[in-house]
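Here is how the chains run, residue by residue.
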Amino acid sequence: MVLAVMWHFNRRIPGLGSWGLAYLSGFALCGLLLAHGHLHEAVFVAAVQTLTFLVAYLNLASARAYAGRPPLPRRYVAGALTGVVALSLYFTIGQAHPGARFAISSLAAGSLFLLSGRALATGSIAHYPARYLFALASGAHGVFLLLRPLLFSPGSAGLFDATNMLTISQFVVLESIVALMLMAFCILMLANEHSAAKLRRLAERDPLTDVFNRRSFLNLFDKALSQGARSARSVAVLLVDLDRFKSINDSVGHKGGDEALRHFVRTAVATLRNEDVIGRFGGEEFAILLAGSGLHDALATAERLRAAIEANPLQLGGATMVLTVSIGVASSCRHDDADAMLDRADKAMYAAKHKGRNRVETLDQESGLRLPQHAALPQAGR
């Protein structure tokens, strides 16, 4: 009920609805076990095996959804469930063997719980502790399910008598209660983790382009400069402005302008290294942090980005719109800070504007790299 209420108010949390269905299946399983004496044995076995499988499978489906993994193919799931039920019915009707049914159920559920733990054990444990706590609880429960048939084996150290069997059965039930309650607690932690991550992302990211906002970018810039000073590594920054962007808004509207900004970001991400950081400073102006890059490399990266933007026009409503950018480049000097570098990059960017746009400029010491000069294209926006 708690999970159902949480899902009702937080439907965007991936996997939460399936987790609620998993525990609903477990609740139905408990009711079915209480009604054992009132049902035909074959019907009872088929229903118990189905619900037991659903508890474990829905838990796995939820874990994969939360971790951003695709769902398992339905034909595989249906085939596994059919196999479990068919074998259980054979050992009920064809050849009565409760121990075999118990082993089949334990093997199927245990494997699924182990896979659930593996699916969520992703990312840094320092950043995602709830994921690893869930993975530990689910994985430990899966191992217990795989091993528990040994507790009822006739050769299990003289434990196979009525008194010990009752004790072992109680222990098995207790373990299931503790494990499922612990996993339910972990699910609540995961829901809180997801909500906190979403709020943190809203605070750090530009909602239109999904790159870092100005404040977050400057924090990362300061950290990169500190690390660069300790390790004697250069840091470079690019200030990028889309040329004549106002004309884009005037000709295709603000939605077209928004798509132009997103198009720039997509092209930039495809052009830059994974470790390079992009931030939006406002309007059509972006900053790019190049850690470990000197002026020569930064100028080469800026020229590569400029050429990529020009070579990949925006397709908008059946029309083709060529975009260009003006880029200012600054590289870190001794005792440099973020404000000084951004000021030099900003002046270099405006120099590129005044020299005709669609070009790369720097005010820093000449690196020996000569870049071609490009005139502005008439199709480009401001």
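Calculation criteria
Residues numbered from 1 in each chain as written. Predicted model: local features only at pLDDT ≥ 70, side-chain atom pairs only at ≥ 80, totals over all residues. Heavy atoms only, no water. Helix = DSSP H or I, 4+ residues; strand = E, 2+ residues; numbered from the N terminus. Buried < 20%, exposed > 50% of the residue type's maximum accessible area, 1.4 Å probe, protein only. Contact = heavy atoms within 4.5 Å. Pairing = 2+ DSSP bridges. Axes fitted to C-alpha atoms, helices over the stretch in contact; angles between N-to-C directions. Core = buried A, V, L, I, M, F, W, Y, C linked by side-chain atoms within 4.5 Å. Expected span 1.5 Å × (residues − 1). Phe/Tyr/Trp six-rings, centres within 6.5 Å; stacked < 30°, edge-to-face > 60°. Lys NZ or Arg CZ within 6 Å of the ring centre and 35° of its normal. Parallel < 35°, antiparallel > 145°, perpendicular 65-115°, else oblique. Left-handed = near helix turned anticlockwise from the far one by under 90°. Salt bridge = Lys/Arg side-chain N within 4 Å of Asp/Glu carboxyl O. Disulfide = S-S within 2.5 Å.

Caption draft 1: View of the overall build of the protein chain. The secondary structure content of the protein chain amounts to 11 helices and 7 strands. Overall size of the protein chain, expressed as C-alpha extent along the three principal axes, is 90 × 50 × 30 Å. Relative to its 382 residues, the protein chain shows a buried fraction of 43%. For the protein chain, the proportion of contacts with a sequence separation of at least 24, taken over those separated by at least 6, is 69%.

Caption draft 2: Examining the sheet that holds strand S2 (residues 277–282) more closely. Taken together, the 5 strands give an open sheet; going across it, the order is S2-S3-S1-S6-S7, and neighbouring strands pair in mixed fashion. The open sheet terminates on both sides in strands that have one partner only, identified here as S2 and strand S7 (360–362). Adjacent strand axes in the sheet meet at a mean angle of 25 degrees when their direction is disregarded. On top of the sheet, helix H8 (residues 214–231) reaches strand S1 (235–242), S2 and strand S3 (285–291); it is set at about 135 degrees to S2, its chief contact. Each of S1, S2, S3 and strand S6 (325–331) is contacted by helix H9 (residues 245–271), which is oriented at about 155 degrees to S1, the strand it contacts most.

Caption draft 3: The arrangement of unusual backbone geometry in detail. Unlike most non-glycine residues, Ala232 shows phi in positive territory, near 60 degrees. Here Asn358, not a glycine, exhibits a phi torsion of approximately 50 degrees, which is positive. In this fold, Asn358 is placed in the loop between helix H11 (338–354) and S7.

Caption draft 4: Region of interest: the nonpolar core. Grouped together as the largest cluster of nonpolar side chains are 34 residues, with contacts concentrated most on Trp19, Phe53, Leu120, Phe134 and Leu190. Mapped onto this core, the elements with two or more residues apiece are helix H2 (16–34), helix H3 (41–66), helix H4 (74–94), helix H5 (98–120), helix H6 (129–147) and helix H7 (162–204). Filtering out sequence-adjacent residues up to four positions away, Phe134 remains in contact with Trp19, Asn59, Ala63, Ser116, Leu120, Met183, Cys186, Ile187 and Leu190. Core analysis: the second largest hydrophobic core is formed by 30 residues, Ile248, Phe264, Ala268 and Phe286 among them.

Caption draft 5: Structural context of H8. Compared with the 26 Å implied by 1.5 Å per residue over 18 residues, the 25 Å span of H8 between its first and last C-alpha is a close match. Listed in full, the buried residues belonging to H8 are Ser216, Phe217, Phe221, Ala224, Leu225 and Gly228. One or two steps after H8, the chain reaches Ala232, where phi turns positive at roughly 60 degrees.

Caption draft 6: Geometry of the packing of aromatic side chains. Considering all chains together, one arrives at 8 aromatic pairs under this definition. Summarising the aromatic geometry, the rings of Phe264 and Phe286 are spaced 4.7 Å apart at their centres and angled 40 degrees between planes, so their arrangement reads as tilted. Placement of the pair is Phe264 in helix H9 and Phe286 in strand S3, with a sequence separation of 22 residues. Taking the relative accessible area as the measure of exposure, Phe264 reaches 0% and is therefore buried. For Arg11, the ring lying beneath its charged end belongs to Trp7, and the centroid distance is 4.3 Å.

Caption draft 7: Quick look at the packing of H4 against H5. Axis separation between H4 and H5 bottoms out at 9 Å; the angle between their running directions is 165 degrees. By the angle between their axes, H4 is roughly antiparallel relative to H5. By crossing handedness, the relation of H4 to H5 is classed as left-handed. Contacts between H4 and H5 pair Val84, Leu87, Ser88, Phe91 and Thr92 from the former with Ala100, Arg101, Ile104 and Ala108 from the latter.

Caption draft 8: Here's a closer look at the pattern of salt bridges. Summed over all chains, the structure comprises 15 salt bridges. Notably, a salt bridge pairs Glu310 with Arg306, separated by 2.8 Å at the nearest N-O pair. Residue Glu310 and its partner Arg306 are located together in helix H10 (residues 295–311), separated by 4 residues, close to a single helical turn. Taking relative accessible area as the criterion, Glu310 reaches 23% and is therefore assigned partly exposed. Through salt bridges with shared partners, one network takes in Asp241, Asp243 and Lys353.

Caption draft 9: Representation of the state of the cysteines in the model. For the structure on display, the rule yields 0 disulfides. Not engaged in a disulfide, the cysteine Cys30 finds its nearest cysteine sulfur in Cys186; these two sulfurs lie 19 Å apart. Accessibility expressed as a relative area gives 0% for Cys186, which makes it buried.

Caption draft 10: Highlighting the environment of Ser293. Among the structural elements, Ser293 can be located in the loop between S3 and H10. Residue Ser293 is classed as buried on the basis of its relative accessible area of 4%. Distance in space between the C-alpha atoms of Ser293 and Ala236 is 5.8 Å, their sequence separation being 57 residues. Each residue touching Ser293, except ones within four places of it in the same chain, is listed here: Ser234, Val235, Ala236, Arg273 and Ser331.

Caption draft 11: Examining the pairing of S1 more closely. Most of S1 is tucked away, with 8 of its 8 residues classed as buried. In S1, alternate side chains face the same way, and those of Val235, Val237, Leu239 and Asp241 on one face and Ala236, Leu238, Val240 and Leu242 on the other are all buried. Here 7 bridges tie S1 to S6, and the two strands are oriented antiparallel to one another. Its bridge partner being in S6, Val240 is matched across the sheet by Ile327.

Caption draft 12: Main features of the environment of Ala340. Within the element layout of this structure, Ala340 appears in helix H11. Judged by relative accessible area, Ala340 falls into the partly exposed class, the value being 28%.

Function cannot be read off these values alone, since they describe shape.
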